[in-house]
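Each chain, letter by letter, is given below.
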Amino acid sequence: MVAVSSWGRLGNWEHDVQALSDKHQVVQQLKSSRPGIAYGMGRSYGDVCLNPDGVLWNTTGLDRYISFDETSGRFACEAGMLLSDIQRLAIPLGWILPVTPGTQLVTVGGAIANDVHGKSHHVFGSFGDHVQKIKLARTDGTTLECGPDFLPDWFSATVGGLGLTGIITEVEIQLHRVAGPWLDAETVPFANLDEFFYLSNASEGEWEHSVSWIDCISKGGIGRGIFMRANPSEVSPRSEPKGLKLTMPFVPPISLVNQLSLRPFNMAYFNIKKWQAGRGIVHYEPFFYPLDNLLEWNRMYGPKGFFQYQCVVPREVGRDAVQAMLGEIARSGEGSFLAVLKTFGNRQPVGMMSFPQPGVTLALDFPNRGERTLKLFERLDTIVSEAGGRLYLAKDARMPRDLFEAGYPRLTEFLQYRDPGISSAMSRRLIGN
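Residues numbered from 1 in each chain as written. Predicted model: local features only at pLDDT ≥ 70, side-chain atom pairs only at ≥ 80, totals over all residues. Heavy atoms only, no water.

Engineer: Could you clarify how one ought to interpret the pattern of salt bridges in this entry?
Structural biologist: Opposite charge on two side chains allows them to pair when their charged atoms are near. Scanning the entire structure with this criterion turns up 27 salt bridges. Asp129 is the salt-bridge partner of Arg347, the closest N and O atoms lying 3.7 Å from each other. One end of the pair, Arg347, is in the loop between β19 (339–344) and β20 (359–367); the other, Asp129, is in the loop between α4 (121–124) and β8 (131–137), and 218 residues separate them in sequence. As a salt-bridge pair, Asp194 and Arg319 come within 2.6 Å of each other at their nearest N and O atoms. In this pair, Asp194 sits in helix α6 (residues 193–203) while Arg319 sits in helix α9 (residues 318–332), placing the two residues 125 residues apart along the sequence. Note on Asp194: relative accessible area 46%, which makes it partly exposed. With relative accessibility at 30%, the residue Arg319 sits in the partly exposed group. Look at the salt bridges and you will find they share partners, linking Arg74, Lys133, Glu145 and Glu172 into a network. (Salt bridge = Lys/Arg side-chain N within 4 Å of Asp/Glu carboxyl O. Helix = DSSP H or I, 4+ residues; strand = E, 2+ residues; numbered from the N terminus. Buried < 20%, exposed > 50% of the residue type's maximum accessible area, 1.4 Å probe, protein only.)

Listed below in structure tokens is the structure:
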């Protein structure tokens, strides 16, 4: 048994970790095992990738490249391959993953199971929109292949299916053509939510990528922030950044994100970015994955760990709902300097249990301060529920079941495809055995 945590570091739980490294042996391993759940890089924040006192099937050994058609951009690999490895193989050849989350240090299987989204949802949708084939191993000893055009119901259940339909072993993905690794980017400060929505609406037709940092503790919760947008650049080759990576070397005895550090940090960050506003050519990595340059950054929240609260609410009520949430956060004295606000495009998700929906999404990290933090989340839950929104399962560690069931109306349909030999802490908490 090995103590394992997810990215939020809310605790360490004993698991029977079993490595999957040979795709030809996966079915036999699953058949002879107790119920378990796939575990890749452990970048999910809550309990979707955990199974305390049970089995974790570690998929990082299933990391082999299979094929790449440089003419069509079709890329095939095993499910434990990292998005970063795909990018480094494909970009020099003129192709890129059209959708990635805020870190590229995740497995392809995890990206599918959580149907991750990025800064380009209004153009490219979510990760599942670009998956062409999935090979799935089930604990009853069977395997199946599914895609958008064959066994589409199985495909829809598996994309965003939280790893509960089987173990993904192989995938094929359609990449997007690019000239190179550079982006033409622009940074624009905004003073309030009205300015944010103006910038967001104006950017959707002309910019491929957009996202904003928001000051969640600004006075009165007015919602000032920094809007960032970018398009692929046609610039000629230039020296790539050195890529110097730092590491948070230890877990401090208390969270470094606290009332003493938050306000000065947010003020300094806003003013520095405001001073740096304008356009420039940037490499894709610092734009898409700014935190990947600080390894083990989750340690800075101290020994109690942290929660991430990410919701999406319909756009027609988005401004009022986000304003109400920012007001609650400002009044609570809680908060984060990792706060992201962006809009999703007007498209329905591929997966039955996918998180993205047309609307506005707000994501914030909160140090774990016990009951005080949980009470704040209850107030935020009420706002999300009344707005007709939902929370992101890849980030969740405490969502009440009624909010889950209301936010994911295709749950009953999804359960037809659940593998009875797969179980996670989240599935037991929100769905049951």
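Engineer: I'm lost on the state of the cysteines in this one. Help?
Structural biologist: As used in these notes, a disulfide is a covalent bond between sulfur atoms, one from each of two cysteines. Scanning all chains against the criterion turns up 0 disulfides. The thiol of Cys77 is unpaired, and the distance to the nearest cysteine sulfur, on Cys146, comes to 15 Å. Note on Cys77: relative accessible area 0%, which makes it buried. We classify Cys146 as buried; its relative accessible area is 0%. (Disulfide = S-S within 2.5 Å.)

Engineer: I tried to follow the environment of Arg88 on my own but got confused; where do I start?
Structural biologist: With respect to the helices and strands, Arg88 occurs in helix α2 (residues 83–90). In contact with Arg88, not counting residues within four places along its chain, are Gln104 and Glu285. (Contact = heavy atoms within 4.5 Å.)

Engineer: What should I look at first to understand the nonpolar core in this one?
Structural biologist: Here is a general trend for soluble globular proteins: nonpolar side chains tend to be buried in one another's company. With 111 residues, the main nonpolar core has Ile86, Val108, Ile112, Phe127, Leu175, Leu393 and Phe404 as its most contacted residues. Counting residues in hydrophobic clusters, the runner-up holds 15 residues, among them Trp213, Met228, Ala230 and Phe287. (Core = buried A, V, L, I, M, F, W, Y, C linked by side-chain atoms within 4.5 Å.)

Engineer: Can you walk me through the domain arrangement of the protein in this structure?
Structural biologist: By a widely used convention, the size of an interface equals the accessible area lost when the partners come together. Here the protein is described as being made up of domain 1 (2–58), domain 2 (65–178) and domain 3 (182–407). Of note, the centres of domain 2 and domain 3, computed from C-alpha atoms alone, are 24 Å apart. Listed as interface residues are 32 residues of domain 2 and, on the opposing side, 28 residues of domain 3. Taken together, the two surfaces of domain 2 and domain 3 that pack against each other cover about 2700 Å², and 55% of this comes from carbon and sulfur. In this structure, the connection of domain 2 to domain 3 is made through 2 salt bridges. At the level of elements, α2, α4 and α5 (152–158) are the ones that each hand at least two residues to the side of domain 2 that touches domain 3. Taken together, the residues that form the side of domain 2 that touches domain 3 break down as 10 nonpolar, 17 polar and 5 charged. (Domains from an automatic or database assignment. Buried area = accessible area lost by both parts, 1.4 Å probe. Nonpolar A, V, L, I, M, F, W, Y, C, P; charged D, E, K, R; others polar.)

Engineer: How do you make sense of the packing of α6 against α9 when you look at a structure like this?
Structural biologist: The description of two helices packed together rests on the angle between their axes and the distance between the axes. For the pair α6 and α9, the least separation of the axes is 11 Å and the interaxial angle reads 140 degrees. The angle between α6 and α9 falls in the class oblique. As α6 packs across α9, the resulting crossing turns out to be right-handed. Side by side, α6 and α9 meet where Leu193, Asp194 and Phe197 of the first sit next to Gly318, Arg319, Val322, Gln323 and Leu326 of the second. Tallied by class, the residues present in the contact of α6 with α9 amount to 4 nonpolar, 2 polar and 2 charged. (Axes fitted to C-alpha atoms, helices over the stretch in contact; angles between N-to-C directions. Parallel < 35°, antiparallel > 145°, perpendicular 65-115°, else oblique. Left-handed = near helix turned anticlockwise from the far one by under 90°.)

Engineer: How should the sheet that holds strand β9 (residues 143–146) be read in this particular structure?
Structural biologist: Strand pairs in the sheet, formed through backbone hydrogen bonds, run parallel or antiparallel to each other. Taking strand neighbours across the sheet as the criterion, the 5 strands line up as β5-β6-β10-β8-β9 in an open arrangement whose pairing is antiparallel. Across the chains shown, the open sheet's two edge strands, defined by having one partner strand only, are β5 (65–69) and β9. Strand-to-strand twist across the sheet, computed as the mean angle between neighbouring axes with direction ignored, equals 10 degrees. Of the pairings in the sheet, the one linking β5 to strand β6 (residues 74–78) comprises 4 bridges and is antiparallel in character. Looking at β6, one finds that Tyr65 is bridged to Cys77. Relative to the sheet, α2 contacts β5, β6 and β10 (167–174), its axis offset from that of β6 by approximately 140 degrees. (Pairing = 2+ DSSP bridges.)

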